[in-house]
Amino acid sequence: MTKTHSQIETLLAALLQRGVNRIGEILIRGEFELLHHADADRSDLQFFNNPEDAREIAKYDESGNFRPLKTAPNLRCGWKLVLRDLHELREALDCFYPAMPGVLFAHECSALEVVDLRETLNRQTGMYAVTKKISNKQANELIAGFCRSDNGCLKTILWRIDANTPVTSLPPCKFDPAANQLGQSVLAIPLLCHEACNLLVAAARNKVKSE
Amino acid sequence: MLSKPDSALVIVGHGSTVNPDSATPTFAHADEIKRRGVFGEVVCAFWKEEPSLRQVLYTVESDDVYVVPNFISEGYFTQKVIPRELDVTGKVTFRRTRKIKYCEPVGNHPRMTELLLHRAAEVAPGISPRETSLLIIGHGTSLNENSGAAVKEQVQRIAARGDYAEVFGVFMEEEPFVTDWRKIASQPHIVAVPFFVSDGLHSYQDIPVLLGIEAEPTQAASKMDVFRRNPYRVAGRSLFYASAIGTEPLFADVILDQVAAFDSEFAA
Ligand code: SF4
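Residues numbered from 1 in each chain as written. Chains lettered and ligands numbered in written order. Predicted model: local features only at pLDDT ≥ 70, side-chain atom pairs only at ≥ 80, totals over all residues. Heavy atoms only, no water.

Below, the discussion takes up the site of the ligand. The environment of the ligand is made up of A:Leu69, A:Phe146, A:Cys147, A:Cys153, A:Lys155, A:Ile157, A:Trp159, A:Cys193, A:Ala196, A:Cys197 and A:Leu200. Taken atom by atom, the bulk of the ligand overlaps the second largest cavity. (Near = heavy atom within 4 Å. 1 Å grid on protein atoms, 1.4 Å probe; cavity = no way out; pocket = protein on both sides within 12 Å on 5 of 7 lines; lining within 4 Å. Sits in = over half its atoms within 2 Å of the grid points.)

Listed below in structure tokens is the structure:
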């Protein structure tokens, strides 16, 4: 039961039409061939044609380690995923970069509710309740190491530490949805972080406990 | 037959940052329900993986949204974490144009008993239940997950049917412990079914050691090997070890049953 005119799919189509054919480490060619951008010139790629294959491709990095954070810049190379239509494209992107098309759509409609780090941490209970104790300085240090685009995460951060405290430990481009987080000049569909992920919360727990 | 082309289904799993198999059954059930075309949209969300509970409602476009926790029991996650993270306040939450319906976890469904029996029969083909001790393995816990209570309830129901010579609940963290099976089970055949939503370190490593079918918690070359070598000869019995109940394809039906149960209770 394919919804042919999902608004999220329509947004993706509009972006592609404007020539924005990169998302994270993925290059989208024609209608629709997906591959790792570093594989653009390779002809020996393993062929896939089911959107759900994206989930398996995205599961492990090059060395076979599980990738709990799908926007980490370690998507493996060597594959090519050919999809039939926009709906399948969207499904595949939701496996490669879960929730990212929908979050971007909400952002475009001004419906995305950005949640500052303090609010996220203050909400935690159980083993993560302790994260409330993190200082702004510790938070900045943690984010600098954990969220950095070159070896942490390719999302663009939209939140602050709190209403009066921006994150100062990463360069301004990390907070700019128009910037390609791979540091390349080509335009990319942004991957948006509207609220700190559970991995950062877990890392905040370790930081608080170890200091 | 359930048909909800204008509704979205969100299946919530725990997920894991270290175990690649944790989310697999939740995705498999979602894929199966998608294939059946029951819902306009079917998505998964996880506490520890992506899409997260904080992201998932942005990924669906329907105004009518059912949320089914793929959890074995009612507890900390289903009562506290999931509602908080999804920002739902009760069984039905209205948000902007949206109606979010929070269903019971799969483990609560009466059909779970049937699924456990199905899995037990499947893993030990041709073995008479009359000469079999059935072990339902639970975590049992400090985690406030009531998983122990859920196992005990299933044990009671299965025992009441009288198909198996004996039925026991055994636990990783409470008595009777998994290792105690030798003391309590008297039959020549033992069938052990983990009452977990997914196969993880517990079912690949910890439980096999506790049951005595593996000497050490080593990672088998293929993890599934542990389920392929049935029956094991342990302590003079033949022991059949099943993979976690949550990997059972019939779970997809139970998820849909929880949606139907919600509708009949709250007159959709
Ligand atoms: S908090 Fe956001 S930017 Fe940082 S690692 Fe998590 S998802 Fe990426």
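Residues and elements named next belong to chain A. Topologically, Arg22 is positioned in strand E1 (residues 22-23). Buried charged residue Arg22 carries no salt bridge. Nearest counter-charge: Glu25, at 8.7 Å. Looking at Arg22, its side chain comes within polar contact range of the side chain of His37, at 3.4 Å. Here Gln184 takes part through its side chain, which lies 2.3 Å from a polar atom of the side chain of Arg22. (Helix = DSSP H or I, 4+ residues; strand = E, 2+ residues; numbered from the N terminus. Buried < 20%, exposed > 50% of the residue type's maximum accessible area, 1.4 Å probe, protein only. Lys, Arg positive; Asp, Glu negative; His and termini not counted. Salt bridge = Lys/Arg side-chain N within 4 Å of Asp/Glu carboxyl O. Polar contact = N/O pair within 3.5 Å; in protein donor to acceptor, adjacent residues only side chain to side chain.)

On to the nonpolar core. Residues B:Leu9, B:Ile33, B:Phe39, B:Leu134, B:Ile136 and B:Phe195 are the most contacted members of the largest nonpolar core, which totals 45 residues. Among the elements that take part in this core, helix H8 (residues 251-266) of chain B stands out by supplying seven residues, more than any other. The residue makeup of this core includes at least three contributed by each of domain 1 (4-107 + 250-266) and domain 2 (112-246) of chain B. Beyond its immediate stretch of four places on either side in the chain, B:Leu134 contacts B:Ala120, B:Ile158, B:Tyr164, B:Glu166, B:Val167, B:Phe168, B:Val191 and B:Val193. Core analysis: the next-biggest nonpolar cluster, separate from the first, contains 43 residues, A:Trp159, A:Val201, A:Ala202 and B:Tyr102 among them. (Core = buried A, V, L, I, M, F, W, Y, C linked by side-chain atoms within 4.5 Å. Domains from an automatic or database assignment. Contact = heavy atoms within 4.5 Å.)

This part takes up the domain arrangement of chain A. Residues and elements named next belong to chain A. Taken as a whole, chain A is organised into domain 1 (3-108) and domain 2 (117-210). One C-alpha centre belongs to domain 1, the other to domain 2; they are set 23 Å apart. Tallying the contact residues gives 19 residues for domain 1 and 21 residues for domain 2. Where domain 1 abuts domain 2, roughly 1,800 Å² becomes buried across the two surfaces, and 76% of that area is made up of carbon and sulfur atoms. Run the count over domain 1 and domain 2 and you get zero salt bridges. (Buried area = accessible area lost by both parts, 1.4 Å probe.)

Moving on to the packing of aromatic side chains. Applying the stated criterion across every chain, the model contains nine aromatic pairs over all chains. With a centroid separation of 6.1 Å and an interplanar angle of 65 degrees, the aromatic rings of A:Tyr128 and B:Trp47 are classed as edge-to-face. With one member in each of two chains, A:Tyr128 in the loop between helix H5 (117-123) and helix H6 (136-146) and B:Trp47 in the loop between strand E2 (39-46) and strand E3 (64-69) form a pair that bridges those chains. B:Trp47 shares its class with A:Tyr128; the two are buried. Chaining the aromatic ring pairs together yields one cluster made of A:Tyr128, B:Trp47, B:Phe71, B:Tyr76 and B:Phe77. (Phe/Tyr/Trp six-rings, centres within 6.5 Å; stacked < 30°, edge-to-face > 60°.)

This brings us to the layout of surface pockets. Empty space within the second largest pocket amounts to approximately 1,000 Å³. By residue class, the composition of the lining of the second largest pocket is 16 nonpolar, eight polar and 20 charged. (Points joined across faces, edges and corners; volume = space filled by probe spheres on them. Nonpolar A, V, L, I, M, F, W, Y, C, P; charged D, E, K, R; others polar.)

This next bit is on the confidence of the model for chain B. Residues and elements named next belong to chain B. Looking at chain B as a whole, its pLDDT mean stands at 90, while 95% of the residues score no less than 70. The secondary-structure element of chain B with the lowest mean pLDDT is helix H7 (residues 225-228), recorded at 72, while E3 shows the highest, at 98. For this predicted complex, the interface score ipTM comes out at 0.95, while the overall pTM is 0.92. (pLDDT = per-residue confidence, 0-100.)

Residue and element names in this part refer to chain A. Strands sit in the order E1-E2-E3-E5-E4 across an open sheet of five strands; the sheet is mixed. The strands lining the two open edges of the sheet, one partner per strand, are E1 and strand E4 (46-48). Bridge count between E4 and strand E5 (residues 79-82): three bridges; the pairing is parallel. The residue of E5 that forms the bridge with Gln46 is Trp79. Packed onto the sheet, helix H3 (residues 86-96) meets E1, strand E2 (26-29), strand E3 (33-36) and E5 and runs at close to 20 degrees relative to E3. (Pairing = 2+ DSSP bridges. Axes fitted to C-alpha atoms, helices over the stretch in contact; angles between N-to-C directions.)

This part takes up the interface of chain B and chain A. Each partner contributes to the interface: chain B provides 30 residues, whereas chain A provides 36 residues. Of the roughly 2,900 Å² buried between chain B and chain A, counting both surfaces, carbon and sulfur atoms make up 47%. The largest contributions to the chain B side of the interface with chain A come from B:Glu50, B:Tyr58 and B:Glu61, which together make up 26% of the buried area. Along the contact surface separating chain B from chain A lie five salt bridges. For A:Arg123, the salt bridge identified is with B:Glu85, shortest N-O distance 3.0 Å. Across the chain B-chain A interface, the total number found is 19 residue pairs in polar contact (both at pLDDT 80 or more). Contributing elements (two or more residues each) for the side of chain B that touches chain A: helix H1 (24-36), E2 and helix H2 (76-86) of chain B.

The subject of this paragraph is the sheet that holds strand E7 (residues 166-171) of chain B. All names here are of chain B. With mixed pairing, the five strands of this open sheet are ordered in space as E7-E6-E8-E10-E9. The sheet is open, and its two edges are formed by E7 and strand E9 (232-234), each paired on a single side. Strand-to-strand twist in this sheet, taken as the mean axis angle between neighbours without regard to direction, amounts to 30 degrees. The pairing of E9 with strand E10 (residues 237-241) spans three bridges and is classified as antiparallel. Residue pairing in the sheet places Val234 in a bridge with Arg237 of E10. In the packing of helix H4 (residues 147-161) onto the sheet, the strands contacted are strand E6 (132-138) and E7, and the crossing angle to E7 comes to about 175 degrees. Helix-sheet contacts for helix H6 (residues 201-211) involve E6, strand E8 (189-194), E9 and E10, and the interaxial angle to E10 is about 165 degrees.

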